[in-house]
Amino acid sequence: DTGVSQDPRHKITKRGQNVTFRCDPISEHNRLYWYRQTLGQGPEFLTYFQNEAQLEKSRLLSDRFSAERPKGSFSTLEIQRTEQGDSAMYLCASHAPTGPDTGELFFGEGSRLTVL
Amino acid sequence: QKEVEQDPGPLSVPEGAIVSLNCTYSNSAFQYFMWYRQYSRKGPELLMYTYSSGNKEDGRFTAQVDKSSKYISLFIRDSQPSDSATYLCAMTPYSGGGADGLTFGKGTHLIIQP
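A. Examining the nonpolar core more closely. Judged by nonpolar contacts, the single largest core of 23 residues is most densely connected at Trp35(B), Ile72(B), Leu74(B), Ile76(B), Tyr87(B) and Met91(B). At the level of secondary structure, the elements contributing two or more residues to this core comprise β3 (19-25), β4 (32-38), β5 (45-51), β7 (61-66), β8 (71-76), β9 (85-92) and β11 (108-113) of chain B. Residues contacting Tyr87(B), with those up to four places away along its chain left out, are Gln6(B), Leu21(B), Tyr36(B), Arg37(B), Leu47(B), Leu74(B), Ile76(B), Gly107(B), Thr108(B) and Leu110(B). Formed by 19 residues, the second largest nonpolar core is a distinct cluster that contains Val4(A), Val19(A), Leu61(A) and Ala88(A).

Below, the structure written as structure tokens:
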């Protein structure tokens, strides 16, 4: 499978605990995005990497959230001191602006977080 | 007012019907318009991608963009039960998602009755 891979698919945690999600983008895709999707809503942009550089962060990304993309390959999204409002699907997407730029973002299956 | 408005539905139609899905937006900077399909508990997958105004057809799917009205549509002909999913419109001022990512609508839940 050469698509975007996310792990874990589902995480249940207690309020106050830290959680980390991992995203493996499509090989050679230099852009990587994190989105959050709550029930009945469309995905909301969280942050964006071009290679290893984090170029943009949404105001939705509070200081409890941190994302990294070491070496410009996989990325991690960590949420510290989780709150019930953090319960959502966390989606990763990648993009390679090569050739005719279709603008397509390829999404992974998402990591669903449930905070009890 | 949200930047992108989309009726969440559900929209239920019989198999074979023509489906019309729509979004309105307020940001005149949006230049790139997309429709994504999302099955339950799956990630969104791109259906149609359009730059600026006009129509684009791909098989049973037609996307229309009217920038003067800030209105985009997706038509599905000969709808099939397998088309039952949530359809998300998305848009951005920049190609490739850009630095601010895509702005999505809430999604319309579509049900095709066999």
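From this point, the discussion proceeds with the structure in view.
B. Local environment of the interface of chain B and chain A. Listed as interface residues are 22 residues of chain B and, on the opposing side, 24 residues of chain A. Inspection of the chain B/chain A interface yields zero salt bridges. The interface formed by chain B and chain A includes five residue pairs in polar contact (both at pLDDT 80 or more). Among the elements of the structure, β4 and β5 of chain B are those that each provide at least two residues to the side of chain B that touches chain A. Per-class residue counts for the side of chain B that touches chain A are nine nonpolar, eight polar and five charged.

C. Here's a closer look at the sheet that holds β7(B). Residue and element names in this part refer to chain B. The antiparallel open sheet is built from five strands, whose spatial order is β1-β3-β8-β7-β6. Every other strand in the sheet has two partners, leaving β1 (4-5) and β6 (54-58) as the edge strands with one partner each. Where β1 and β3 come together, two bridges link them in antiparallel fashion. Paired with Val4 across the bridge in β3 is Tyr25.

D. How the structure looks around the state of the cysteines. Applying the stated criterion to the full structure yields two disulfides over all chains. The disulfide bridge from Cys23(A) ends at Cys92(A), spanning 1.9 Å between sulfur atoms. On the sign convention where negative means left-handed, the S-S torsion of about -70° between Cys23(A) and Cys92(A) marks this disulfide as left-handed. With Cys23(A) in strand β3 (residues 19-24) and Cys92(A) in strand β9 (residues 88-95), this pair connects stretches of sequence that are 69 residues apart. Like Cys92(A), Cys23(A) is buried. Covalent S-S linkage joins Cys23(B) and Cys89(B), the inter-sulfur distance amounting to 2.0 Å. On the S-S bond that ties Cys23(B) to Cys89(B), the torsion sits near -100°, and the link is left-handed. Linking Cys23(B) in strand β3 with Cys89(B) in strand β9, this pair joins segments that are 66 residues apart in sequence. Of the two residues examined, Cys23(B) and Cys89(B), each falls in the buried class.

E. Geometry of the pairing of β9(A). Residues and elements named next belong to chain A. Counting buried residues along β9, eight of its eight residues qualify, which places the element largely inside the surrounding structure. Direction of pairing for strand β4 (residues 31-37) relative to β9: antiparallel, over a ladder of seven bridges. Bridging across to β9, Trp34 finds its partner in Cys92. Across three bridges, β9 lies against strand β11 (residues 111-115) in antiparallel orientation. The residue of β11 that forms the bridge with Tyr90 is Ser111. Strand direction decides the pairing type here: β9 and strand β10 (residues 106-107), joined by two bridges, are antiparallel. Bridged to Ser94 within β10 is Phe106.

Calculation notes
- Residues numbered from 1 in each chain as written.
- Chains lettered and ligands numbered in written order.
- Predicted model: local features only at pLDDT ≥ 70, side-chain atom pairs only at ≥ 80, totals over all residues.
- Heavy atoms only, no water.
- Core = buried A, V, L, I, M, F, W, Y, C linked by side-chain atoms within 4.5 Å.
- Buried < 20%, exposed > 50% of the residue type's maximum accessible area, 1.4 Å probe, protein only.
- Helix = DSSP H or I, 4+ residues; strand = E, 2+ residues; numbered from the N terminus.
- Contact = heavy atoms within 4.5 Å.
- Salt bridge = Lys/Arg side-chain N within 4 Å of Asp/Glu carboxyl O.
- Polar contact = N/O pair within 3.5 Å; in protein donor to acceptor, adjacent residues only side chain to side chain.
- Nonpolar A, V, L, I, M, F, W, Y, C, P; charged D, E, K, R; others polar.
- Pairing = 2+ DSSP bridges.
- Disulfide = S-S within 2.5 Å.

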